[in-house]
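# Structural overview for review
What follows is the residue order along each chain.
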Amino acid sequence: MRIAQFEHLHADAGWRVFSFLKIVTDDGLTGWSEYYDGYGAGGVTALLRKFADIAKGMDPREVGRISTTLHSVSRLAHGGMNAQAIAAIENACLDIKAKALGIPVYALFGGPFRDRIPLYWSHCGSRRVWRRDLFEDKWGFPPVRTLDDIRQVGRDVVARGFKALKTNPCDLLPGWTKFSPGFRSLPGFLDRRPDNRFIGEITQLLEAFREGIGTETGLMIDLNFNQRTDGFIKVARAVEPFNLTWLEIDIQDPQALALIRRSARTPIGSLESIHGQHEFRPYLEERAVDVAIIDVHWNGLWESTRIASLADAYETDVAPHNYAGHLASMISAHFCAAVPNFRIMEIDIDDVPWKDELVTHPPVIENGEFVLSNRPGWGTDVNEEAVRRHAPDKEI
């Protein structure tokens with residue numbers, strides 16, 4: 001069996017694009033993966049075209065050999081988009097290998113450790129606030145405009161059985177700011193520090209959610225890169241009364257992250273933007289996180305399980321970074337099923353109305369848990385006709 005063909009497909013996903021890699025073997029077997037090409041100037045698809053020239057003719061079942069080869073030839077440009085392109089190839093090859101054996105991907109890694117995956121509702125409330133033009137005006141989602149609306153969203157999370165929710169700073173009320181200078185070139189975007197007004201906004205947001213969900217459902221907030229060390233410490237101390245499952249932050253300094261964790265009683269989740277076990281190691285050595293967040297689509301499932309094993313040696317739980325389409329969720333669920341030190345899985349519930357159409361078998365969610373499939377491979381394929389029907393306006 002040899003890799004014969006690479007194809008890239010893209011679907012409009014409202015405020016973003018879902019991207020899929022299709023690898024076809026010389027005997028007609030197909031493997032799929034999902035990746036993201038929307039950060040900065042993009043470029044993952046272009047890298048996939050370059051790596052295809054190397055991977056074609058290789059045996060897709062030799063997944064480790066393929067990934068190691070591609071990392072070796074791109075070592076001078078390690079990480080970032082190179083790692084994400086290699087991960088997409090790795091994941092598609094794992095799909096092929098498992099299908100060839102007639103087993104689910106998680107079985108290649110000794111799984112499943114569990115067949116029901118507890119979920120948390122990601123970007124809860126904040127997504128509808130950010131994109132009211134889509135969710136409220138175009139797709140008819142219930143409005144989220146007041147703190148009472150936030151409480152109701154929290155009650156909906158509990159009613160649907162989700163084990164936790166994660167939200168983000170957002171301009172919910174008049175005068176509130178969508179404080180995200182770590183990502184966007186807004187006025188003052190270099191001044192990543194919280195003032196009392198910002199602290200007040202997120203504490204009001206968390207208080208309303210906690211009132212909606214009660215004491216038993218988990219609560220998180222994600223600040224991404226939007227503070228520096230002192231700002232993260234100030235926020236971590238301010239949110240202690242809300243008993244967060246974790247405060248999620250991104251910072252590329254292991255010692256700084258460890259200082260943040262030591263400076264407050266709030267648990268810390270981080271590392272979603274880190275690539276490869278070598279980059280994870282100093283954070284684990286510094287005991288910098290309570291939960292190591294691993295992006296399976298940016299690292300590849302093979303590499304992600306190696307990172308999880310490293311974290312397990314440091315008595316640290318892991319959770320997948322997962323905010324894309326249904327194929328991405330299936331891939332993340334296989335990771336959750338394949339490692340012993342799994343905590344909880346992220347999933348976006350507020351999403352485009354045609355999301356289910358894009359795959360042959362949408363995920364089954366019961367009482368806030370992802371029901372693991374025993375179908376071969378990832379347990380779903382991409383519906384190519386539907387993806388083309390929802391093609392994005394701009395070519396990638």
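To be clear, the structure that these remarks concern was listed above.
The structure reproduced in this document is the subject of the present report. Sequence order sets the numbering: in each chain, residues are counted from 1 along the sequence as written. Restriction of local features to residues with pLDDT of at least 70 applies here, the model being predicted, together with a cutoff of 80 or more for giving and counting side-chain atom pairs; totals for whole chains, interfaces and linings are based on all residues. Just so you know, side-chain values use all the structure's heavy atoms and leave hydrogens and water out.

### Concerning the side chain of Asn 322
The helix and strand labels rest on DSSP assignments: H or I over at least four residues marks a helix, E over at least two residues marks a strand, and numbering proceeds from the N terminus. By the element assignment, Asn 322 lies in the loop between β10 (317–320) and α13 (326–338). For Asn 322, a relative accessible area of 0% puts it in the buried group. Definition of a polar contact: a pair of N or O atoms within 3.5 Å, with one able to donate and the other able to accept a hydrogen when the atoms are protein atoms, and with sequence-neighbouring residues admitted only if both atoms are side-chain atoms. Within the structure, Asn 322 has its side chain in polar contact with the side chain of Ser 332 (distance 3.4 Å). Dropping the residues within four chain positions of it, Asn 322 is found in contact with His 297, Ala 328, Ser 329, Ser 332, Met 345, Glu 346, Ile 347 and Asp 348. A 1.4 Å probe rolled over the protein chains alone gives each residue an accessible area, and that area as a share of the maximum for its type sets the label: buried under 20%, exposed over 50%, partly exposed in between. Contacts are assigned to residue pairs with any non-hydrogen atoms lying within 4.5 Å of each other.

### What about the nonpolar core?
If you look at the biggest cluster of nonpolar residues, it comprises 118 residues, and the most contacted ones within it are Leu 21, Ile 23, Ile 89, Leu 172, Leu 247, Leu 257 and Phe 335. Dropping the residues within four chain positions of it, Phe 335 is found in contact with Ile 294, Val 296, Leu 301, Ser 304, Thr 305, Ala 308, Val 318 and Pro 320. Here, nonpolar core means buried Ala, Val, Leu, Ile, Met, Phe, Trp, Tyr and Cys residues that are tied together by side-chain atoms lying within 4.5 Å of each other. Of all hydrophobic cores here, the second largest spans eight residues; its members include Tyr 120, Trp 246, Ala 319 and Ile 344.

### A word on unusual backbone geometry
A cis amide bond links Gly 111 with the next residue in sequence, Pro 112, at an omega value of 10°. Examined against the element boundaries, Pro 112 turns out to sit in the loop between α3 (80–101) and β4 (116–122). The backbone of His 123 shows a phi angle near 50°, a positive value even though the residue is not glycine. Counting through the fold element by element, His 123 comes out in the loop between β4 and α4 (126–130). Take His 123: its relative accessible area is 11%, and that puts it in the buried class.

### Structural notes on the packing of helix α2 (residues 63–73) against α3
Orientation is described by lines fitted to C-alpha atoms, with helices fitted over the stretch in contact, and by angles between N-to-C directions that extend from 0 to 180 degrees. Axis separation between α2 and α3 bottoms out at 9 Å; the angle between their running directions is 165°. Relative to α3, the element α2 is oriented roughly antiparallel. Where α2 crosses over α3, the two elements pack in a sense that is right-handed. In this structure, α2 contributes Val 63, Ile 66, Ser 67, Leu 70 and His 71 to the contact, and α3 contributes Ala 83, Ile 86, Ile 89, Glu 90, Cys 93, Leu 94 and Lys 97. Of the residues contributing to the contact of α2 with α3, the split by class is eight nonpolar, two polar and two charged. Throughout this description, any angle smaller than 35 degrees is read as roughly parallel, any larger than 145 degrees as roughly antiparallel, any in the 65 to 115 degree range as roughly perpendicular, and the remainder as oblique. In this scheme, a crossing is called left-handed if the near helix is turned counterclockwise away from the far one by less than a right angle; it is called right-handed if the turn is clockwise. The nonpolar class holds Ala, Val, Leu, Ile, Met, Phe, Trp, Tyr, Cys and Pro. Asp, Glu, Lys and Arg form the charged class, and all remaining residues, Gly among them, are polar.

### Let's talk about the pairing of strand β1 (residues 3–12)
Where β1 meets strand β2 (residues 17–25), nine bridges bridge the pair, whose relative direction is antiparallel. Its bridge partner lying in β2, Leu 9 is registered against Phe 20. Connecting the antiparallel pair β1 and β2 is a turn made up of four residues, with Gly 14 showing a positive phi of about 80°. In this scheme, strands are said to pair when DSSP sees at least two bridges between them.

### Here we look at the sheet that holds β2
Reading across from one edge, β1-β2-β3 is the order of the three strands in this open sheet, with antiparallel pairing throughout. Because the sheet does not close on itself, it has two edges, and the strands there are β1 and β3 (30–35). For this sheet the average axis-to-axis angle between neighbouring strands, irrespective of direction, equals 20°. Contacts between helix α1 (residues 44–55) and the sheet are confined to β1, β2 and β3, with β1 contributing the most and set at about 170° to the helix.

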